[in-house]
Amino acid sequence: MQGNVLLFLVAVVPMLAAPLSYALGRKRAMNAVWVMVTAAAAVMAALIGLLVSAAQGAAQSFQWDGFCGLGLSMTADGFRALYACVAGLMWLITSVFSLDYFKHEENVGRYAFFTLMTFGATVGLFLSGTLFSTFLFFEVMSLASYPWVAHEEDPAAMRAAQTYLYIAIIGGLVTLMGLFLLPNGLVIVSYGELSGAAAAVGADRLWLPALLVLFGFGAKAGSFPLHIWLPKAHPVAPAPASALLSGILTKAGVFGMLVLTCLVMKGSFAWGDLIFRLGVITMLLGAALAILSGNLKRTLACSSLSQIGFIMVGIGLCGMLGEENGLAAYGTVGHMVNHSLFKLVLFLCAGAVAMNTHQLALCDVQGFGRKKPLFQAAFLCGALGISGVPLFSGYLSKSLLHEGILELIAHLQAQGQSVALYQLSEYAFLLAGGMTLCYMLKLYVCLFVKKHPTRQAEYDGMKRWAFPLPMGALLWIAALIPLIGVLPQVLMSGFGSLSQSFLEAGTPAHLPIAYFSGENLLGALKSIVIGLALYGVLWALGRRKQGEKSKTALRFDLEDMVYRPVLKLLSWVGYGVAFVLDRLLDWVVLFLKGLGMVLGRLMDGTGDGAVYAAQKTVLSPRQRARPIPVGNRFTFALGTFMDGFVGLLNLSFYRRKPIEFSFVAAFAALHEEVTKESRQLTRSISFGLLMFCLGLFATLVYLLY
Amino acid sequence: MILLSAILCPFLGAIGLFLLKPKSEKVRNPYVMAVTVLSSVLVALSLFIPGDHQHTWLQVTDALSISFRLDGLGRVFGGLVAFLWPLATLYGLEYMRHEGGENTFFGFYLLSYFATLGIAFSEDLMTLYIFYELLTLATLPLVMHGMGGRNVYAGRKYLYYSLGGAALGFIALVTVVHYSGNSNFVYGGIPAMMTAPMSVLLPVFVIGFFGFGAKAAVFPLHGWLPTASIAPTPVTALLHAVAVVKAGAFAVIRMSYYCFSPDRMRGTWAQSVCLCVAAGTILIGSAMAVREQHLKRRLAYSTMSNLSYVLFGALLLTPEGLRGGLMHMVFHALMKISLFSCVGAIMIQTGKSYVADIRGMSKRMPFICAVFLFCAIELVGIPPFVGFQSKWALATAGLNSGSVFGLIGMGALIVSAVLTAIYLLVPAVSTYALPLEPTAHLEERSYDPGWRMKVCLGVLCVVMLALAFFSAPLVRFLTAVAGGQF
């Protein structure tokens, strides 16, 4: 162990606190949550120290050689310290919120245990210094977060948890496969030297390993086509856990993508293009799902998909723009931080709704937010931020990303390449921004404008929708969103410049960045107009079909229609083959046993058989001919044959009136008669002949003499 | 001399037990424990007292003898066995109360210990072969214990497969003796065999692999292992997850690294065949385990798969591969003996033996289910636990071997890891995540077993947890052994 042990401690202390929280939680459930709050606060303080030190240019690092075979390495440079801080902040706020949320929940000790485990792993992941270390923390994080999804223990949660577990394990192992295949020990090269080492290997040999590694990280981030688990798993978890799943655990996947794009595959246009395209699809798909969803938390989960798509677009741009990727990198990091904050605020708002009403379907919670100004303020900060309205933080990062796309188009045009696809992507980007506004408007109208048909008075009465401390934490964090929005040069650019060295990104051409330039404002305006128009259209459509249950929900579920059947088929085929092979020797033995028995009997009987055959043939005593009972041989044979024939007839056609006639006897009688008569005849002719001959003789004698 | 006394101690103890036939537990338990611990202490002493403790016990012919010597590989296997045997005996003392016939059982249990130590410390292939056959005979009554129809069937199948395998191994033995004279083990291959013609060596290598591999449940000679899981749990846990099956793997390693020259065998068709068979066994075992509903049979299939990890590593015929194989040999022993012990505890305490029956069991057996889940996580290979470390070592060794079969084996490892998660982690999680079956008919009380089983499992878990973080010295030692030092 060498270096600053503090880095290791921030990852390990929560894990050590986990059993403590469980033990304390057995007596009084809230003790477990207090342990969470304390641990998160302590870690947060240490992380801020690390961030300050990193911002001053003294990045701390830690090494534990030989840990788990290849050694553990952690570094807190600008980006990593920043994101570890974001993680610490998220855990701190959600833990404080849990003080209220888990008042009436069960299994709080278990929740606290796994939350702290995940916390340690996530902080460790964001501070990790090699792909191997990242992977270690990634696996622990993936599995330790499983009990969040399964927390409610109802069928929907169990199914979502099952999918989550499978994706976590399969994703983890595919990533592991990719790490195995990385040549030249790139797995244990520290991130600072990774791009150089990777360049020495050459991008061609890295494509396959990088794709495999991307599989696991992409699945965790919720990238298309591995997004299936996300809209199911995030809503079923308790609200604080949903906020963490959406806000920070997806970022762990994004972190992996950043490493792959900016370090391992640095300079590969095709790789950036791949991430970019996946990002565009994810962005549109998530937004469409969010618009169609009828559940508060599910809408937010689908919105996470969409926002991850935005971030992936940024990552793709970082890869494609080469040296001029400064703006894209600033935008990517900015949007990561922003999205974490948005989802923290919005999911905690959803948590407040859930813990007061115990409902999440939009038709059940409508009107909950009326007459709750603080709640409305918090929700609005998150909603306006994520929709990209100017003066809120989302506008800044989205503008940067938008500018990145424009820059790419200009770049390609200068090289004389076709830009139609990227032009379309730009429209898709604006459209997705509009869709974001559309679904947030849907939620806003539902919570704050509509009235609940039956429970409105009850909802209006819930003035104390949260305890003061959690409420304060929520409002404080919500206030950060407009704060970043109005102080872009300090905060937004600060995030970017902190991250520049880790991402090995170029410096933006025009510093300070003109966040509020006419072009950017126009882009935001376009998105807002699109969003309002879209909402108007949907509202009109919805009015026409009022009363009807929404049938627009997408029936096509990739998980149920593709992944599960394919896996089932594979498992059956695999099992069939394995079963045959497993029993092969048994069957062979059985067959050989049978064959041996038959052959043995055969061999054993050969001598006896020969003797028997000889007895029957060569050595058999000569049979004496039986005397024919009646008639001669010929009539007996013919008669027997005919009698046999008659017997057949009697058995078949003449069953009723059998022919009682013996041919043997008849032939014998005939033979007898013929013999007798012929004898008589023969006798008479011979007599006549004799006389005739005598007469002739006498005549002859007379003539001669 | 100390080595010989360590080997003979359980043998004499077994004879004593057969003669004494103690009627009461109060006599038997301390006696059995004392003999086992004494043997293990003697083994430990001989491991730590420097020197190779060479001892010729019996001169058979001018060249052939029954003789013992301590070298690196023997240290690994002997040490592993000596560590686990007292724990498993402690477990067995509690378990066998439910099965009866303890005198016979522990008599043969000690005899098996004797035979296993003989295998671990044998100096030449001849001695190894003799103790190998002895092990078959000593464990047969353990498999047939209870003498029910299925026990006898399992015993017969075990006997056929083991003797059939040993017959193939005998061919290898004869060839080695023919070319080398005395068949004494030398790392890197017996020098006298370097001149033997490849046309003879290669087929004999494959035959010997299948022969000695039969005990390590290598396809297609694996059928006995799932059937033999009918035996009492101390047998399945210690013998069919550690001693017997690892003796098979140990014999294969002895044959391929210490008799045949790994350098000459590397890259030949014989190696390819063996690697393919090992990779295939990994997949077949895991795939069968996924559908198997009986817990012990499921674990038996898993053992079959994991034993082939060891064989795969060894048959890469590189020091790195052998290192991975040895790591997995040690780590898998710890994990699998714990898993079997958990399942055995569930079986005797609640009478449940099928996967569907243990849902929600954590509410009734919190200790056992916690250990079960922990071991399942280890076996799947979740970092940073030991299962991950050995799999990483094996996979990188496969990759670095440069052979295409190394890559195939690496793929098999990954697929098998996914399958392991399905057949082991999912049921382990289901003991927590799912509610107790209403038809389980279990009372509202803790069904956790007595202190003996808990001590056994607790020690194993602590060791595994410690190894997760501080495995470096052990791994260094195994690396040195695989490199031919000691």
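Rules used throughout
Residues numbered from 1 in each chain as written. Chains lettered and ligands numbered in written order. Predicted model: local features only at pLDDT ≥ 70, side-chain atom pairs only at ≥ 80, totals over all residues. Heavy atoms only, no water. Helix = DSSP H or I, 4+ residues; strand = E, 2+ residues; numbered from the N terminus. Rg over C-alpha atoms; globule rule 2.2 N^0.38 Å. Buried < 20%, exposed > 50% of the residue type's maximum accessible area, 1.4 Å probe, protein only. Contact = heavy atoms within 4.5 Å. Areas by Shrake-Rupley, 256 points an atom, 1.4 Å probe, with all protein chains shown as cover. Lys, Arg positive; Asp, Glu negative; His and termini not counted. Charge placed at Lys NZ, Arg CZ, Asp CG, Glu CD. Expected span 1.5 Å × (residues − 1). Buried area = accessible area lost by both parts, 1.4 Å probe. Salt bridge = Lys/Arg side-chain N within 4 Å of Asp/Glu carboxyl O. Phe/Tyr/Trp six-rings, centres within 6.5 Å; stacked < 30°, edge-to-face > 60°. Lys NZ or Arg CZ within 6 Å of the ring centre and 35° of its normal. Domains from an automatic or database assignment. Axes fitted to C-alpha atoms, helices over the stretch in contact; angles between N-to-C directions. Parallel < 35°, antiparallel > 145°, perpendicular 65-115°, else oblique. Nonpolar A, V, L, I, M, F, W, Y, C, P; charged D, E, K, R; others polar. Pairing = 2+ DSSP bridges.

(A) Region of interest: the overall build of chain B. The helix and strand inventory of chain B stands at 18 helices and two strands. At 21 Å, chain B has a C-alpha radius of gyration in line with the 23 Å of a compact globule built from 486 residues. If you line up chain B on its principal axes, its C-alpha atoms span 70 × 55 × 45 Å. The proportion of buried residues among the 486 residues of chain B is 67%. Once local pairs closer than 6 in sequence are excluded, the contacts in chain B between residues at least 24 apart make up 80%. Put simply, chain B shows about 15000 Å² of open surface, and 69% of that area lies on carbon and sulfur atoms. Charged side chains of chain B number 30 positive and 19 negative; the gap between the two group centres comes to 4 Å.

(B) Just the overall build of chain A, in detail. The helix and strand tally for chain A stands at 25 helices and three strands. Reported as C-alpha extents along the three principal axes, the dimensions of chain A are approximately 180 × 70 × 65 Å. A sequence separation of at least 24 residues applies to 82% of the contacts in chain A between residues at least 6 apart. Counting every atom, chain A has about 31800 Å² of accessible surface; 68% of that belongs to carbon and sulfur. With 49 positive and 35 negative side-chain charges, chain A shows a spacing of 10 Å between the two charge centroids.

(C) Summary view of helix H4 (residues 108-127) of chain A. Between its first and last C-alpha, H4(A) extends 28 Å over 20 residues, near the 28 Å set by a 1.5 Å rise per residue. Where burial is concerned, most of H4(A) is hidden: 17 out of the 20 residues are buried.

(D) Quick peek at the interface of chain A and chain B. Chain A puts 37 residues into the contact, and the matching count from chain B is 37 residues. Together, the buried faces of chain A and chain B total about 3300 Å²; carbon and sulfur atoms form 78% of this surface. Contact with chain B buries surface across chain A, with A:Leu173, A:Phe180 and A:Asp582 losing the most and accounting together for 19% of the total. Run the count over chain A and chain B and you get one salt bridge.

(E) Local environment of the packing of aromatic side chains. Across all of its chains, the model carries 59 aromatic pairs over all chains by this definition. Seen from their ring centres, A:Trp91 and A:Trp148 are 6.3 Å apart, and the 40° between their planes marks the pair as tilted. In this pair, A:Trp91 is assigned in helix H3 (residues 78-101) and A:Trp148 in helix H6 (residues 146-149), connecting sequence segments 57 residues apart. Its relative accessible area of 0% is what places A:Trp148 among the buried residues. An angle of 65° between the planes, with centres 5.4 Å apart, marks the rings of B:Phe209 and B:Phe210 as edge-to-face. Here the two residues B:Phe209 and B:Phe210 agree in accessibility, since each one is buried. Members of the aromatic cluster, joined through ring pairs, are A:Phe8, A:Phe62, A:Trp64, A:Phe67, B:Phe469 and B:Phe470. The aromatic ring of A:Trp572 is capped on one face by B:Arg291, whose charged end is 3.9 Å from the ring centroid.

(F) Layout of the domain arrangement of chain A. Domain annotation for chain A reports domain 1 (145-556), domain 2 (562-617) and domain 3 (633-704). Placing the centre of domain 1 of chain A and that of domain 3 of chain A at their C-alpha centroids yields a distance of 119 Å.

(G) Looking closely at the packing of helix H3 (residues 72-95) of chain B against helix H13 (residues 319-350) of chain B. Residues and elements named next belong to chain B. Across the interface, H3 lies against H13 with an axial gap of 11 Å and an inter-helix angle of 5°. When the interaxial angle is binned, H3 and H13 end up roughly parallel. In this structure, H3 contributes Leu73, Val76, Phe77, Leu80, Phe83, Leu84, Ala88, Tyr91, Glu94 and Tyr95 to the contact, and H13 contributes Leu326, Met329, Val330, Ala333, Leu334, Ile337, Phe340, Ser341, Gly344, Ala345, Ile348 and Gln349. For the contact of H3 with H13, the residue count by class is 18 nonpolar, three polar and one charged.

(H) Focus on the side chain of B:Asn151. Of note, B:Asn151 is situated in helix H6 (residues 149-180). Every residue in contact with B:Asn151, bar those within four places of it in the chain, is listed here: B:Val143, B:Met144, B:His145 and B:Ile230.

(I) Inspection of helix H25 (residues 663-704) of chain A at higher detail. Residue and element names in this part refer to chain A. Look at H25: 59 Å from first C-alpha to last across 42 residues, which is about the 62 Å you get at 1.5 Å a residue. Within the span of H25, buried status applies to Phe663, Val664, Phe667 and Ala668. Along its buried surface, H25 packs onto helix H24 (633-651).

(J) Broad picture of unusual backbone geometry. In this chain, A:Phe224 is followed by A:Pro225 through a cis amide linkage whose omega measures 0°. With an omega of 0°, the peptide bond running from B:Phe219 to B:Pro220 counts as cis. Even without a glycine there, the phi angle at A:Lys371 is positive, about 60°. Residue position: A:Lys371 is located in the loop between helix H15 (362-365) and helix H16 (373-387). One non-glycine residue with positive phi stands out, namely A:Glu504, at about 50°. Along the chain, A:Glu504 turns up in the loop between helix H21 (488-503) and helix H22 (518-544).

(K) Representation of the sheet that holds strand S3 (residues 72-76) of chain A. Residues and elements named next belong to chain A. One open sheet holds the three strands; their spatial order is S1-S2-S3, and the pairing between them is antiparallel. The open sheet is flanked by strand S1 (2-3) and S3, the only strands paired with a single partner. Here strand S2 (residues 60-64) runs beside S3; their pairing, made up of five bridges, is antiparallel. Bridge pairing in S3 places Ser61 opposite Thr75.

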